[in-house]
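Structural description and commentary
Listed here are the chains, written in short residue letters.
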Amino acid sequence: MKSKLSLHDRIRNANASQQVENVKARHTYLHGRADATGEWAVIWSRSDDCSWAHAFGRMRGFDQVWKGSVGDYDKMAMQNAIEMQEIWPETTGKDPRPLMEASVHTLLTDVIEVAEDGMSARGSFITPGVIHSCLTTDTDPDDPTRHVKYCNVLWERYGSDFVCEDGQWKYLHEHVCPDILTKMDMLNWAAEDYQRQVHPEENPAPPATLGAPPVTDPGPLHHPYTCTSQPQNTVPWPEPYETLDNDNTYTPFIGKTKHLE
Amino acid sequence: MQCKGGEIVSKEYTDEELMGRVNDMEEIKKVAYKRVYYIANEDREKELEDLWVSDPALQKNASYGKNTGYYVGMDSIRKYYVDHHKEVRMEDLKRAAQADPSIAVTEDNLYVGTIVNRPVSTGLVEIAGDGKTAKALFYSIGQETVPNGDGTAKALWEPGKVAYDFVREADGWKIWHVVEANDLYCEAGTDYSKQEVYHNYETNPVDIEFGEPDVKEITHNTDFNWWDNYPFPPKPYETWSDEISYGPEGYVRPAEYGLDSKEGRNWK
Amino acid sequence: MAQYTTEQLVSRWEDQRAIKNLMGKFANCVILNREEIVYDKFWSSKDDVCLAFNEGAYIGPEAVKSYYQAESDRTRLVGKLLQKKFPEQLGKLSDDELYGVGPFKVRPLASPVIEVAGDEQTAKGLWHCLGAYNEVGTAGPVAYWTWGYFAVDFVYEDDQWKIWHMQYVNDIDCICGQSWGKPQKPYPDLPEFAPLKDFKYPDYTKKVNLREYYTPTRPLTRTPEIPQPYDTFADTFTYAV
């Protein structure tokens, strides 16, 4: 549908749409280095309304998001680094965060809408991803003396809200929905799931994603593919909208409503 | 002040200028996307003609990089990317013909049994404030499959970053520098964790295929994941300088590299 | 290169964004097994709509609708078979609650080359698709990797962009955990999924070898044609079969 906005506002919104694509992509490259500080210090809103959600639940407010997504994440990296130095001396002194793993969530199939008021934008994405690490503390189940590298295949969907603050586009809400998790490349995620359903006692759970920080809205908010449930529409695509509000958001506003004022 | 992702950019654009830049952003991405189909179609010569810089001054330091260095200058790029590639494909064809003598070893059959997909996504694009150049970073979950010579083929997953410098020429945005930084390879249907841990530059198929580049430099050591941050995500910039290039002139080994892979074992 | 005014550039940018959004919504409907709404929501009302796969094409509204109806019927059947297999988890679900249980089909769309006609009445798009799907077959749930392309003609109709001709063609359709360069080892059939053997999609309107799947002896097989700038649809090629 052709826009009813003024030419100026249409140009503003076209630019906004591209800028939030860039913010989203910048997230991918920062997250690939486990540079949580780079993400949350620069490309996130510090609003009490910001939120980050995953299957395990939703962190609300910048402080809780910072605690879970930066503090706890960095802690995992540091703990990993301490163990790594004993096994892989060449890792000593290097930034422990990217050494933890490269968690790469690519951005495809984007549906992006910018609010008519130009103050927010919303996007849904399908994210085929690879999570890999070379020097690790993991060992080969067939030979516990051998350390191994890994590559997991993780396909997710994202629902993301962005706001324009002080002339910059920032993340406000992120909702991550893991769908497919398997190992590269000798497993079959659907057949494995079926076997788990039929013989749960004989079939181990798929590899876990990192961490489960404190949350305000407890999970599960989404569950990975299983042959005994409908595919969930946890992050429906955004529709054209006027302004960010409780009808147009990936996180209902229940705290301070800075962006509703 | 515009609403820019990532960093504050105080430059103001008129509506007309801003829309020009929006249009540029789509055109730049489109060049990278078109290259995906040129690669799949083995249209490498045509790719160099259609999508790469044509200005002789720019061609001189155009570059094509991977984990182990760069080919520099269009002549050198062509020798590697087109001529050497055809020689490699001819060897692939000979192997395929070994298994199936009905396959004639001719130019027409050059790509029998091979398939290359390098789809890119996750574009992060920064256009210079002066609008003359642009930098972009993408990710590709790609694959390359070549005949084994026994009726089967070796199918390799090859995910990695793809970085571009673009220049605006009279007929549109053109590729100036490319870096394809492979993160790993894994044969389809095999357990990646069973591979040897360290990057083996003697046996890594991506390194072998890349041959002997003009500038030899390990720019992306996969042993340390993305620690080396290369190719780095582009940042907003006003005008071009070699320091930000994805060509060899822009590569800087991390100052505090510390120990390299496999070092530091003698403390006992 | 055509020169456009700023206003035209804005309008053309909005067109290509709307087309990306349309394809994104389509892909989401496929994930959600909502094929029954795809035709009405996303397809043109033109008589010459065309939906093509590697081996053939559905041509015309009734044929395209019949494909989506079959996809929906199959989803319903899979749900019933799984309900029988897992009475504890699924036994109490109503038909609506059961609908969609089982299949999971992800078609991420990468590297879009979109060209909007000079007259903005039609557009063309080409995407690469590294997909992953499990549609539940006679061997039960089994996941596959796909490598292929979406090549689509769009038409501007009733103030919206709609799908006019769509090719979804794959090079590779390989059981996850196996190599597409080697003979595949199918999972054994399971008796509980035997009724799926009798399930048939409608015959293609036109059988055509649009694209051969990859084998180690396949000649170079070019991608669907890359869209080029054009003024009106008469000036360009079609993805219709």
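Keep in mind the model is a prediction, meaning the values are calculated, not measured. (Residues numbered from 1 in each chain as written. Chains lettered and ligands numbered in written order. Predicted model: local features only at pLDDT ≥ 70, side-chain atom pairs only at ≥ 80, totals over all residues.)

Things to note about the overall build of chain C
What chain C contains, in helices and strands, is five helices and eight strands. The order of helices and strands in chain C, counted from the N terminus, is α-α-β-β-α-α-α-β-β-β-β-β-β. Since a compact globule built from 241 residues should have a radius of gyration of about 18 Å, the 20 Å found for chain C is in line with a globular shape. Projected onto its principal axes, the C-alpha coordinates of chain C cover approximately 65 × 45 × 30 Å. Across the 241 residues that make up chain C, the buried fraction comes to 49%. Sequence-distant contacts, at least 24 apart, represent 67% of the contacts inside chain C between residues at least 6 apart. (Helix = DSSP H or I, 4+ residues; strand = E, 2+ residues; numbered from the N terminus. Rg over C-alpha atoms; globule rule 2.2 N^0.38 Å. Buried ≥ 20, exposed ≤ 12 C-beta atoms within 10 Å, placed from the backbone. Contact = placed C-beta atoms within 7 Å.)

Some details on the overall build of chain B
Tallying secondary structure elements over chain B gives five helices and 10 strands in all. Relative to a compact globule of 268 residues, whose C-alpha radius of gyration would be 18 Å, chain B shows 20 Å and is just as compact. Dimensions of chain B, computed from the C-alpha atoms along their principal axes, are close to 65 × 60 × 30 Å. Burial analysis of chain B (268 residues in total) assigns 46% to the buried set.

What about unusual backbone geometry?
Put simply, A:Gly219 and A:Pro220 share a cis peptide bond, and its omega is 0 degrees. Position of A:Pro220 among the secondary structure elements: in the segment after strand E10 (217–218). Along the chain, B:Tyr230 connects to B:Pro231 via a cis peptide bond; the corresponding omega equals -5 degrees. Within the secondary structure, B:Pro231 is located in the segment after strand E10 (215–216). A positive phi is found at A:Asp166, a non-glycine position, where the angle reads about 50 degrees. As for its position among the elements, A:Asp166 is in the loop between strand E8 (150–165) and strand E9 (168–183). Here A:Asp166 falls in the exposed class, since 8 other C-beta atoms lie within 10 Å of it. You will see that B:Thr122, though not glycine, has its phi angle at about 60 degrees, which is positive. Relative to the helices and strands, B:Thr122 is located in strand E5 (residues 121–127). Note on B:Thr122: 28 C-beta atoms within 10 Å, which makes it buried.

Things to note about the pairing of strand E7 (residues 143–147) of chain A
All names here are of chain A. Judged by how many residues are buried, E7 sits mostly at the surface: zero of five residues are covered. Where strand E6 (residues 139–140) lies against E7, two bridges are found, and the strand directions are antiparallel. In the sheet register, aspartate 140 faces E7, and the bridge partner there is aspartate 143. What sits between the antiparallel neighbours E6 and E7 is a turn of two residues. (Pairing = 2+ DSSP bridges.)

Details of the packing of helix H1 (residues 6–31) of chain C against helix H2 (residues 35–42) of chain C
Residue and element names in this part refer to chain C. Axis separation between H1 and H2 bottoms out at 9 Å; the angle between their running directions is 160 degrees. As the angle between them shows, H1 and H2 are arranged roughly antiparallel. Every pair of crossing elements has a handedness; the one defined by H1 and H2 is right-handed. Facing H1, whose interface residues are Leu22, Phe26 and Cys29, H2 presents Glu35, Ile37, Val38 and Phe42. (Axes fitted to C-alpha atoms, helices over the stretch in contact; angles between N-to-C directions. Parallel < 35°, antiparallel > 145°, perpendicular 65-115°, else oblique. Left-handed = near helix turned anticlockwise from the far one by under 90°.)

Considering the packing of H2(C) against helix H3 (residues 61–85) of chain C
All names here are of chain C. Axis separation between H2 and H3 bottoms out at 7 Å; the angle between their running directions is 155 degrees. As judged from the angle between their axes, H2 and H3 are roughly antiparallel. Between H2 and H3, the contacting residues are Glu35, Glu36, Val38 and Tyr39 on the first element and Val64, Lys65, Tyr68, Glu71 and Ser72 on the second. Each residue belonging to the contact of H2 with H3 can be placed in one class, and the counts come to four nonpolar, one polar and four charged. (Nonpolar A, V, L, I, M, F, W, Y, C, P; charged D, E, K, R; others polar.)

Details of the interface of chain B and chain C
The extent of an interface is frequently quoted as the accessible surface area lost upon association of the parts. Across the contact, 40 residues belong to chain B and 30 residues belong to chain C. Within the residue set of the side of chain B that touches chain C, elements represented by two or more residues are helix H1 (15–40), strand E4 (115–117), strand E6 (133–147) and strand E7 (153–169) of chain B. Examining the composition of the side of chain B that touches chain C, we find that 12 residues originate from one element, H1(B), more than from any other. Of the residues contributing to the side of chain B that touches chain C, the split by class is 18 nonpolar, 12 polar and 10 charged.

Some thoughts on the pairing of strand E3 (residues 102–105) of chain A
Residues and elements named next belong to chain A. Where burial is concerned, the two faces of E3 agree: the one with Ala102 and Val104 and the one with Ser103 and His105 are both buried. As paired elements, E3 and strand E5 (residues 120–133) share four bridges and run antiparallel to each other. Residue serine 103 lies in a different strand from E5, and its bridge partner there is isoleucine 131.

Some words on the confidence of the model for chain B
Here chain B shows a mean pLDDT of 95. Residues at 70 or above account for 96%. Contacts of residues 4–8 of chain B to residues separated by more than four positions or lying in other chains number 21 contacts, the stretch itself having pLDDT below 50. (pLDDT = per-residue confidence, 0-100.)

Some points on helix H5 (residues 189–198) of chain A
Those residues of H5(A) that fall on the buried side of the exposure criterion are A:Trp189, A:Ala190, A:Ala191, A:Glu192, A:Asp193 and A:Tyr194. Taken together, the buried residues of H5(A) touch E9 of chain A together with strand E5 (122–134) of chain C.

Quick word on the interface of chain A and chain B
Contact residues are listed per partner, giving 51 residues for chain A and 50 residues for chain B. Of all the elements in the fold, those that place two or more residues in the side of chain A that touches chain B are helix H1 (7–32), helix H4 (96–100), E3, E5, E8 and E9 of chain A. The element that contributes the greatest number of residues to the side of chain A that touches chain B is H1(A), accounting for 16 residues. In terms of residue class, the side of chain A that touches chain B is made up of 28 nonpolar, 15 polar and eight charged.

Some thoughts on H1(C)
Compared with an ideal rise of 1.5 Å per residue, which puts 26 residues at 38 Å, H1(C) spans 38 Å between its outermost C-alpha atoms and is within 8% of the ideal. The first or second residue beyond H1(C) is C:Asn33, which carries a positive phi of 60 degrees. (Expected span 1.5 Å × (residues − 1).)

Examining the environment of B:Ile244
Residue and element names in this part refer to chain B. With respect to the helices and strands, the residue isoleucine 244 is situated in the segment after E10. The exposure class assigned to isoleucine 244 is partly exposed, which follows from the 18 C-beta atoms found within 10 Å. In sequence terms isoleucine 244 and aspartate 165 are 79 residues apart; their C-alpha atoms lie 9.4 Å from each other.

Things to note about the environment of A:Lys24
With respect to the helices, strands and loops of the structure, A:Lys24 is situated in helix H1. Setting aside residues no more than four positions away along its own chain, A:Lys24 makes contact with A:Leu107, A:Gly123 and A:Ser160.

With respect to the environment of A:Val198
Residue and element names in this part refer to chain A. Here valine 198 shows up in helix H5. Of the residues examined, valine 198 has 15 C-beta atoms within 10 Å and is grouped as partly exposed. For the pair valine 198 and phenylalanine 125, spaced 73 residues apart in the sequence, the C-alpha separation amounts to 32 Å.

A closer look at the confidence of the model for chain C
Summing up the model confidence of chain C, the mean pLDDT is 97 and the portion of residues at 70 or higher is 100%. Reported for the predicted complex are a pTM of 0.97 and an ipTM of 0.97.

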